[in-house]
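Below are the chains, spelled out letter by letter.
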Amino acid sequence: MMEKIGEYEFTVDAYLTDFRGKATLPMIGGFMLQAATKHAEERGFGYSSMTSMQRVWVLSRMAIEIFEYPKNDTIMIIKTWVASANRLFTERYFAFEDESGKEIGYAKSLWASIDLKERKPTNVLELDGLFGYITEKANPIEGLTKIPALKDNYEQVSDFIVKYSDVDINKHLNSMKYIEHFVDVFDIDMFKEKEIRRIEINYISEGHYGTKIDIFKQEEADYTFILEMRSGDVNVCSTRIIWK
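Residues numbered from 1 in each chain as written. Predicted model: local features only at pLDDT ≥ 70, side-chain atom pairs only at ≥ 80, totals over all residues. Heavy atoms only, no water.

A. Just the pattern of salt bridges, in detail. Counting across every chain of the model gives 16 salt bridges. With a shortest N-O distance of 3.2 Å, K192 and D189 are connected by a salt bridge. Residue K192 and its partner D189 are located together in helix 4 (residues 188–193), separated by three residues, close to a single helical turn. Taken together, the salt bridges that share partners define one network made up of E65, R198, E200, E220 and R240. (Salt bridge = Lys/Arg side-chain N within 4 Å of Asp/Glu carboxyl O. Helix = DSSP H or I, 4+ residues; strand = E, 2+ residues; numbered from the N terminus.)

B. A look at the side chain of S238. Tracing the sequence through the fold places S238 in strand 10 (residues 234–243). Residue class for S238 comes out buried when judged on its relative accessible area of 4%. Leaving out residues up to four positions away in the same chain, S238 has contacts with I147, E200, I201, N202, I204, L227 and E228. (Buried < 20%, exposed > 50% of the residue type's maximum accessible area, 1.4 Å probe, protein only. Contact = heavy atoms within 4.5 Å.)

C. Summary view of the packing of aromatic side chains. For the coordinates displayed, the defined rule picks out nine aromatic pairs. Geometrically, the ring pair formed by Y178 and Y203 is edge-to-face, given 5.0 Å between the ring centres and 80° between the ring planes. Taken as a pair, Y178 in helix 3 (residues 175–183) and Y203 in strand 7 (residues 196–203) lie far apart in primary sequence, 25 residues in all. The burial state of Y178 is the same as that of Y203; both residues are buried. Here F186 and W243 contribute two aromatic rings whose centre-to-centre distance is 5.1 Å and whose plane-to-plane angle is 65°, an arrangement assigned as edge-to-face. Here W243 lies in strand 10 and F186 lies in the loop between helix 3 and helix 4, a separation of 57 residues in the sequence. Taking the relative accessible area as the measure of exposure, F186 reaches 7% and is therefore buried. For W243, a relative accessible area of 3% gives the class buried. (Phe/Tyr/Trp six-rings, centres within 6.5 Å; stacked < 30°, edge-to-face > 60°.)

What follows is the structure, encoded as structure tokens:
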């Protein structure tokens, strides 16, 4: 049996950084998904095993906290492990370190298993091997909280059509593209003065290729924002972004 906690190294190349020479939030999210994919595949409940059963993992909710953004030409180490599982969901945690072993952030995520054809939830408890890898390793950040619906005093700040470069293997909006479109609604001057300390995101429905998506924003508190993606009257995704 392999180690319960997987550890993976990623190089922060220049093309993955922003104008400050720091890793972007969508890039870090992409590294997270690569680490999760490798961890699950190596332990027998990844893409190959799931597709053989006509199933696939779908990211449902996520929270990322970054204490220090890694810089260009540095190594980012991501540790990941399965924290819990029940019939509907499995919870996966992440820890981020720099090459010296310094902790620079954490993340929590919730995943569902769905049927490839019906796109309906399947029973996570039926997956062989998954439960042998559950570990109680601590993750100090706040858990996955409920994001309130927008009410009064919100504004539409952007819109886009889901295009080729937005979609994943299922021709649905890639989970990191949601984050990319959300952070792009903020002016570049905001990034000169502050950092996104925490992002929480709830994936509610799938954004299909060719769909028009509208983005709405409301300031919940000082430098804390609630944003929604909507396709017509359907809420596709909600996020809370906290700046420091």
